[in-house]
Amino acid sequence: MRKISAALSLSIATLAAGFLLGACGDSSTPNGTATNGSTATPAASTTTSSAKGLKIGSLLPTTGDLASVGQQMLGSVPLLVDTVNACGGVNGEPVTLVQVDDQTDPKAGAAGMTKLATLDKVAGVVGSFASSVSSAAVSIATPNKVMLISPGSTSPVFTEKAQKGDYKGFWARTAPPDTYQALALAQLARKKGFKRVSTVVINNDYGVGFEKAFVQTFEKLGGTIVNKDKPVRYDPKAQTFDTEAAAAFAGKPDAVLAVLYAETGSLFLKAAYQQGVAKGVQILLTDGVKSPTFPEQVGKGDDGKYILTGAIGTVPGSDGKALEAFNKLWKDKKGSAPGEYAPQAWDAAALLTLAAQAAKENTGVGIASKIREVADGPGTEVSDVCEGLKLLKDGKKINYQGASGNVDVDANGDVVGVYDVWTVGDDGTIKVIDKVTPK
C-alpha cells in the first residue's frame, strides 16, 4: 500500500505540474520522456535519511539534452551531504538528500519540483541546470516556500524577475548570469579580431537571453551582427538542422556564435559541416556544450579530423578559496577530477546547509532569510563547510568562500564569476587556454 500511495501522490504531482507549465510555453520533450505522449516520472532516490533533520533535494539532468553536462555535477550534492553529516550535520541532526532527474525537460522538472516540495517536503533544492527547467521549478518552489539554488541556470530572465519580486527571496544561483558570460565572449571575439558575427541559439530562456546580451555588447564594442534582423533560433525538439545551418552561416561572417545544448547542438554542427558552410568560419561556443564527450558527439570529418577542432568557447570557471580542497576531496572519493559545474553544485548545497544552521531551523523560510548573510555577510571568512557550521553553532557570523568563487549572492540571487576560455584540440580533447573576467 505504501508504494501505491507514493505512486498515486507522484502522479497527482505530475498532473498538477502539467497544468502549471501550460503558461510557460516550453514543450520540449527530450530523451527522458515517455513515448506515449505523457511526461515520464522523474527518477528519484534518497541517499541518506533523517526524520527530524534538514531535508534538501537536487533537481539535475541525468538524461535529456544536457545529460552530458548534468552528469558531471551530479556527485557534488551527495558528497557535500556526506561531508556535513560526518561533522555533525545541521542543527544537531543528519541532513537528508532526495535526488530527482529533471530530464532537461521543464515538464519533468516541474513534476520533480512538485514532488520535492509537496511529497518530500524539502526545505531547499539544488537545481536546476537548464534555465527553462529552473523557470518551471521556481514557480513551484516560491509558493511552497522552498529555497531553490541553481548551480548553472544562467539566463538573465531570473535577474529581471527577481528585481520585480517574483521569487520573494526563494531563488539564488552560484553561476553568474549570461549578461556576464555574453560580455566576456563578446570581448574575446573582438580581441581575436572578429568584426562580423552571426548567431544561432536554442529557442528558450538560455539561448535567447544569451543572444540578446551578446548582440548588445558586441555592437557596443564596434562589431556587426550579420543576421541581427533575422536571428536563427532553433526548436529544442528539432532533429534536423539543414535550414538553420544555412541561415546561420549566410552572409560570410567571420565567426558564428552558437548557443546550444549538447544533443541538439551536435546535430546542428554536423549539418553545418556537411553543407560545407562552416569552412573557414570560427565557431564560438558556450557552457551548454562543454563536456569531454561533445567533440565526439559532433564527430569527425572526411579527413579524419574532429569537426570541432579549433572551436573556442567560454564557461563559468572556478577560482574560489575552497576549490583546492574540493578537488582533492573529489579525487580521493571518486578517483578523478570534477567536471563542469561540480564546484557550483557543491557551493549551492553548502549554502543551503549553512543558511539553515544560521537560521537555527530546517525550513525554506529560514534558509531564505539567511542565505545572503552566510554568502556575503560581515562574518569570519570560511572555505571549509564544517568550520562554517561550527562557527554558526557557536552563534558567530560567517562569510562563506566557495569552491566556484566567493559566491557573494546579491539581492537578486546573482553572483559575479570568472570564465574559462576553452578550445578543442586536434585529438578532440577540450583544453582551458585562458581566463577572462567581464569588465
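Structure: see above.
Predicted model, so just to flag it, every value in this text is computed and none were measured.

A. Representation of the pattern of salt bridges within the structure. For the coordinates displayed, the defined rule picks out 12 salt bridges. The shortest N-O distance in the salt bridge between Asp-120 and Lys-115 comes to 2.5 Å. Taken individually, Asp-120 and Lys-115 each receive the classification buried, so the pair is uniform in this respect. Across the salt bridge formed by Lys-390 and Asp-394, the nearest N and O atoms sit 3.5 Å from each other. For Lys-390, a relative accessible area of 54% translates into the label exposed. Through salt bridges that share partners, Lys-370, Glu-373 and Lys-397 make up one connected network.

B. Just the state of the cysteines, in detail. A complete count under the given rule lists 1 disulfide for this structure. Across the disulfide from Cys-87 sits Cys-386; the S-S distance is 2.1 Å. Taking the sign of the S-S torsion, about -90 degrees here, the bridge from Cys-87 to Cys-386 comes out left-handed. Residue Cys-87 is located in the loop between helix 3 (76–86) and strand 3 (96–101), and its partner Cys-386 is located in helix 15 (residues 385–393); the two are separated by 299 residues in the primary sequence.

C. Main features of helix 4 (residues 106–119). Compared with an ideal rise of 1.5 Å per residue, which puts 14 residues at 20 Å, helix 4 spans 19 Å between its outermost C-alpha atoms and is within 8% of the ideal. The element helix 4 is largely enclosed, with a buried count of 11 among its 14 residues. Every buried residue belonging to helix 4 is among Pro-106, Ala-108, Gly-109, Ala-110, Ala-111, Gly-112, Met-113, Thr-114, Lys-115, Leu-116 and Ala-117, and all of these are buried. For helix 4, the side-chain oxygen to backbone nitrogen distance between the N-cap and Lys-107 is 3.2 Å, and the N-cap itself is Asp-105. Residue Lys-121 follows helix 4 closely and has a positive phi angle near 55 degrees.

D. View of helix 12 (residues 323–334). Its 12 residues give helix 12 an end-to-end C-alpha distance of 16 Å, which sits within 8% of 16 Å, the value for a rise of 1.5 Å per residue. Turning to helix 12, its buried residues are Leu-323, Phe-326 and Trp-330. Looking down the long axis of helix 12, one finds its buried residues gathered within 60 degrees of arc, a one-sided arrangement. Those residues of helix 12 that are exposed and aimed more than 90 degrees away from the buried face are Glu-324, Ala-325, Lys-328, Lys-331 and Asp-332. Where the residues of helix 12 are buried, they touch helix 2 (67–73), helix 3 and helix 13 (342–359).

E. Geometry of the pairing of strand 3. Among the 6 residues of strand 3, 6 are classified as buried, and the element is accordingly described as predominantly covered. In strand 3, alternate side chains face the same way, and those of Thr-96, Val-98 and Val-100 on one face and Leu-97, Gln-99 and Asp-101 on the other are all buried. Inspection of the sheet shows strand 2 (residues 55–60) paired to strand 3 by 6 bridges, in the parallel sense. Residue Ile-56 lies in a different strand from strand 3, and its bridge partner there is Leu-97.

F. Local environment of the packing of helix 4 against helix 5 (residues 131–141). Running from amino to carboxyl end, helix 4 crosses helix 5 at an angle of 30 degrees, the nearest separation of the two axes being 8 Å. When the axis of helix 4 is compared with that of helix 5, the two are roughly parallel. The crossing of helix 4 and helix 5 is right-handed. Listed contacts from helix 5 to Pro-106, Gly-109, Ala-110, Met-113 and Thr-114 of helix 4 are Ser-132, Val-133, Ala-136, Ala-137, Ile-140 and Ala-141. Looking at the contact of helix 4 with helix 5 residue by residue, the classes come out as 8 nonpolar, 3 polar and no charged.

Calculation criteria
Residues numbered from 1 in each chain as written. Predicted model: local features only at pLDDT ≥ 70, side-chain atom pairs only at ≥ 80, totals over all residues. Heavy atoms only, no water. Salt bridge = Lys/Arg side-chain N within 4 Å of Asp/Glu carboxyl O. Buried < 20%, exposed > 50% of the residue type's maximum accessible area, 1.4 Å probe, protein only. Disulfide = S-S within 2.5 Å. Helix = DSSP H or I, 4+ residues; strand = E, 2+ residues; numbered from the N terminus. Expected span 1.5 Å × (residues − 1). Polar contact = N/O pair within 3.5 Å; in protein donor to acceptor, adjacent residues only side chain to side chain. Arc of directions from axis to C-beta. Contact = heavy atoms within 4.5 Å. Pairing = 2+ DSSP bridges. Axes fitted to C-alpha atoms, helices over the stretch in contact; angles between N-to-C directions. Parallel < 35°, antiparallel > 145°, perpendicular 65-115°, else oblique. Left-handed = near helix turned anticlockwise from the far one by under 90°. Nonpolar A, V, L, I, M, F, W, Y, C, P; charged D, E, K, R; others polar.

That's the geometry; what it means functionally is another story.
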